[in-house]
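Descriptive analysis of the structure
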Amino acid sequence: MTVPSPHSPRPLRPNERILTNEDGGITTPARAPSPVHEFGTLAVHAGSPHDPTTGAVIEPLSLSTTFAQTAVGKPIGLYEYSRSANPNRDNFEDAVAALEHARYALAFASGSATTATILQSLAAGSHVISVSDVYGGTHRYFTKVALAHGVEVTFSPSIELDVEELIREQTKLIWIESPSNPTLSLVDIRNVATVAHRHGILVVVDNTFLSPYVQNPLDHGADIVVHSVTKYINGHSDVVMGVAAFNSDELKERLTFLQNAIGAVPSPFDCWLAHRGLKTLHLRAREASKNALAVAKALEASPNVIAVNYPGLDSHKQRAIAIKQHRDGLGGGMLSFRLKGGHAAAERFCQQTRIFTLAESLGGVESLCEVPSAMTHAGIPKEQREAIGVYDDLVRLSCGVEDADDLRKDVLQALEKAVVGPKISNGVNGVNGVDGPLPRR
Ligand SMILES: *Cc1c(COP(=O)(O)O)cnc(C)c1O
């Protein structure tokens, strides 16, 4: 497989040509994104041409499912039928490709549909190696669906150490999630990719937890980067969508074929919304990381907390990988922690927060909290869960873009209430005793 330079420009689509002034043609100024531009500039401008007829600076929403042809097989423009391609999806894909330093990106109806399409590209009899603590839905797809079409997945809790010995003749893919969910452990992508490429195996990195702003896996040797766009890329908790980005022409051909043949594609409107969200990704990801660091430090200093998992903390056991792989050593917006008082305290914590909403998902502008052992990871048997650090008293937080001080205070007040336990209402301390000073342990 040839891996071209990540900085080669996107190849032209059929019928497409670059209009310059010498062409005498009317066109918007050439504002094609280029790797000389920084992330924020690309986020705002990549895949965002001015409308050539009206000059609209925001792309129009193109809902048409079909496109007129002047003669049989001669469409007027680039498009024929919107499952195969449509303007809003193309623009979104171009934007993601630019942000992930990829030549190509393909959008899907969800992160899960992205995973499914990549797994579908493997022949029956293929073998996959995956990190153990993958996203629950990915684990479910690997064990319950991929197996049914003859693709076997081996899970490893320490892939950097085991990868060489887990490789078989039929191994085609290695699946990494870094940071992992919900324990935020990291994988050195370069180390795994070096071994994989010696054996001609492709490496996929699920980059959902960090977003392309914090980490670009292709720069560290990965062959495909996938996202649940539902999370940071859209960032406003109002679209379910996925995307894969990569450099190889061979992958482009295979995955484009499957994108169209399987048809698990997003609507133009969802592409438009996700593209709008993506334009502020750098602002949101920076703010979420700053907030998560403030919350993680406050938790680490609290006597009510047993341990904090956050790659932005110096205490994180793989902090060196974060410094190497993440932009400016940022930790991202996700963290998890164990608190005193067991599972009951974890549940109480999530009921006592005033800004963090008790809900699954992550990566939106609003902060969320959840108890993985009873929610996102409830499907994994207890011993298996605890072996990967998902204890009953673990709470996962997705820090949004509210003010750091408010988030820090919210977490600390909820912690006090959760660990001390429900206060008996005696009407003396504050209104009904609820808001009064709490006894300390
Ligand atoms: C949410 C998520 C997915 C699945 O994405 P959907 O858009 O919900 O299908 C995959 N990987 C990770 C890390 C996720 O958080």
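Residues numbered from 1 in each chain as written. Predicted model: local features only at pLDDT ≥ 70, side-chain atom pairs only at ≥ 80, totals over all residues. Heavy atoms only, no water.

**Notes on the sheet that holds strand S12 (residues 357-358)**
- Overall, mixed pairing links the 5 strands, which are arranged S10-S11-S14-S13-S12 in an open sheet. Two strands close off the open sheet at either side, each with one partner strand: strand S10 (305-309) and S12.
- Note: S10 against strand S11 (residues 334-339), 4 bridges, orientation antiparallel. Bridged to Val 308 within S11 is Phe 337. (Pairing = 2+ DSSP bridges. Helix = DSSP H or I, 4+ residues; strand = E, 2+ residues; numbered from the N terminus.)

**A word on the site of the ligand**
- Among the 13 residues in the neighbourhood of the ligand, the closest are listed as Ser 112, Asp 206, Ser 228, Thr 230 and Lys 231.
- Take Gly 111: an N or O atom from its main chain is 2.9 Å from an oxygen atom of the ligand.
- In the complex, 92% of the free accessible area of the ligand, which totals 380 Å², lies under the protein chains.
- Residue composition of the shell around the ligand, by class: 4 nonpolar, 6 polar and 3 charged. (Near = heavy atom within 4 Å. Polar contact = N/O pair within 3.5 Å; in protein donor to acceptor, adjacent residues only side chain to side chain. Areas by Shrake-Rupley, 256 points an atom, 1.4 Å probe, with all protein chains shown as cover. Nonpolar A, V, L, I, M, F, W, Y, C, P; charged D, E, K, R; others polar.)

**Thoughts on the sheet that holds strand S4 (residues 127-131)**
- Strand order in the open sheet formed by 7 strands is S3-S9-S8-S7-S6-S4-S5, and the pairing between neighbours is mixed. Of all the strands in the sheet, just strand S3 (104-108) and strand S5 (152-156) have a single pairing partner and so form its edges. For this sheet, the mean angle separating the axes of adjacent strands, direction not counted, is 20 degrees.
- Alignment of S3 against strand S9 (residues 242-246), held across 5 bridges, turns out to be antiparallel. When the sheet's bridge partners are listed, Tyr 104 is paired in S9 with Phe 246.
- Against the sheet, helix H3 (residues 111-120) engages S3, S4, strand S6 (171-177), strand S7 (202-206), strand S8 (224-228) and S9, with an angle of about 150 degrees to S8.
- Where helix H5 (residues 159-166) meets the sheet, its contacts fall on S4, S5 and S6, and the angle it forms with S4 comes to roughly 170 degrees. (Axes fitted to C-alpha atoms, helices over the stretch in contact; angles between N-to-C directions. Contact = heavy atoms within 4.5 Å.)

**Section: helix H9 (residues 268-278)**
- By the criterion of burial, H9 is predominantly enclosed, with 8 of the 11 residues buried.
- Restricting attention to buried positions, one finds in H9 the residues Pro 268, Cys 271, Trp 272, Leu 273, Ala 274, His 275, Gly 277 and Leu 278.
- Its buried side turned inward, H9 meets helix H1 (39-45), helix H2 (87-99) and helix H10 (281-300). (Buried < 20%, exposed > 50% of the residue type's maximum accessible area, 1.4 Å probe, protein only.)

**Observations concerning unusual backbone geometry**
- In this structure, the amide linkage connecting Ser 178 to the following residue, Pro 179, adopts the cis form with an omega of 5 degrees.
- Considering the arrangement of structural elements, one finds Pro 179 in the loop between S6 and helix H6 (189-198).
- Here the amide bond leading from Asn 181 into Pro 182 is cis, since omega sits at 5 degrees, within 30 degrees of zero.
- Phi is positive for Asp 328, which is not a glycine, with a value near 50 degrees.
- As for its position among the elements, Asp 328 is in the loop between helix H11 (319-325) and S11.
- Judged by its relative accessible area of 70%, Asp 328 falls in the exposed class.

**With respect to H5**
- Taken together, the buried positions of H5 are Ile 159, Asp 162 and Val 163. Looking straight down H5, one finds that the buried residues subtend no more than 130 degrees of arc, so they occupy a single side. The exposed residues of H5 that point more than 90 degrees off its buried face are Leu 161 and Glu 165.
- Packing partners of the buried residues in H5 comprise S4, S5, S6 and H6. (Arc of directions from axis to C-beta.)

**Some remarks on the UniProt feature "modified residue: N6-(pyridoxal phosphate)lysine" (unreviewed entry) in the protein**
- The positions that UniProt labels "modified residue: N6-(pyridoxal phosphate)lysine" (unreviewed entry) are, in the present scheme, Lys 231.
- By the element assignment, Lys 231 lies in the loop between S8 and S9.
- Looking at Lys 231, the relative accessible area reads 9%, which means it is buried. (UniProt positions renumbered as here; feature names shortened; annotations may be inferred.)

**Here we look at the packing of aromatic side chains**
- Taken as a whole and judged by the stated rule, the model has 7 aromatic pairs.
- Ring centres of Phe 39 and Tyr 213 lie 5.0 Å apart, and the angle between their planes is 80 degrees; on these two criteria the pair is classed as edge-to-face. Within this pair, whereas Phe 39 is found in helix H1, its partner Tyr 213 is found in helix H7 (residues 211-214), the two being separated by 174 residues in sequence. Each of the two residues, Phe 39 as well as Tyr 213, counts as buried.
- Between Phe 142 and Trp 175, the aromatic rings sit 5.4 Å apart at their centres with planes inclined by 85 degrees, giving edge-to-face as the arrangement. Of the two residues, Phe 142 sits in helix H4 (residues 136-146) while Trp 175 sits in strand S6, which places them 33 residues apart along the sequence. An identical accessibility class is assigned to Phe 142 and Trp 175; each is buried.
- The rings of Phe 142, Phe 155 and Trp 175 are connected pair by pair, giving a single aromatic cluster.
- Between Arg 327 and the ring centre of Tyr 213, over which it is positioned, the NZ or CZ distance is 4.2 Å. (Phe/Tyr/Trp six-rings, centres within 6.5 Å; stacked < 30°, edge-to-face > 60°. Lys NZ or Arg CZ within 6 Å of the ring centre and 35° of its normal.)

**Thoughts on the packing of H3 against H4**
- In contact at an axis separation of 10 Å, H3 and H4 are set at 40 degrees when each is read in the N-to-C sense. Viewed along their axes, H3 and H4 adopt a mutual orientation that is oblique. Two packed elements cross with a definite hand, and for H3 against H4 that hand is right-handed. Together, Thr 115, Ala 116, Leu 119 and Gln 120 of H3 and Thr 138, Tyr 141, Phe 142 and Ala 146 of H4 make up the contact between the two elements.
- When the residues that make up the contact of H3 with H4 are grouped by side-chain class, the tally is 5 nonpolar, 3 polar and no charged. (Parallel < 35°, antiparallel > 145°, perpendicular 65-115°, else oblique. Left-handed = near helix turned anticlockwise from the far one by under 90°.)

**Some words on the pairing of S8**
- Most of S8 sits out of view: 5 of its 5 residues are buried.
- Burial along S8 is two-sided: Ile 224, Val 226 and Ser 228 facing one way and Val 225 and His 227 facing the other are all buried.
- Inspection of the sheet shows S7 paired to S8 by 3 bridges, in the parallel sense. In the strand pairing of S8, Val 204 is matched with Ile 224.
- Examined bridge by bridge, S8 and S9 share 5 bridges and lie antiparallel to one another. Across the sheet, residue Ile 224 finds its bridge partner in S9, namely Phe 246.

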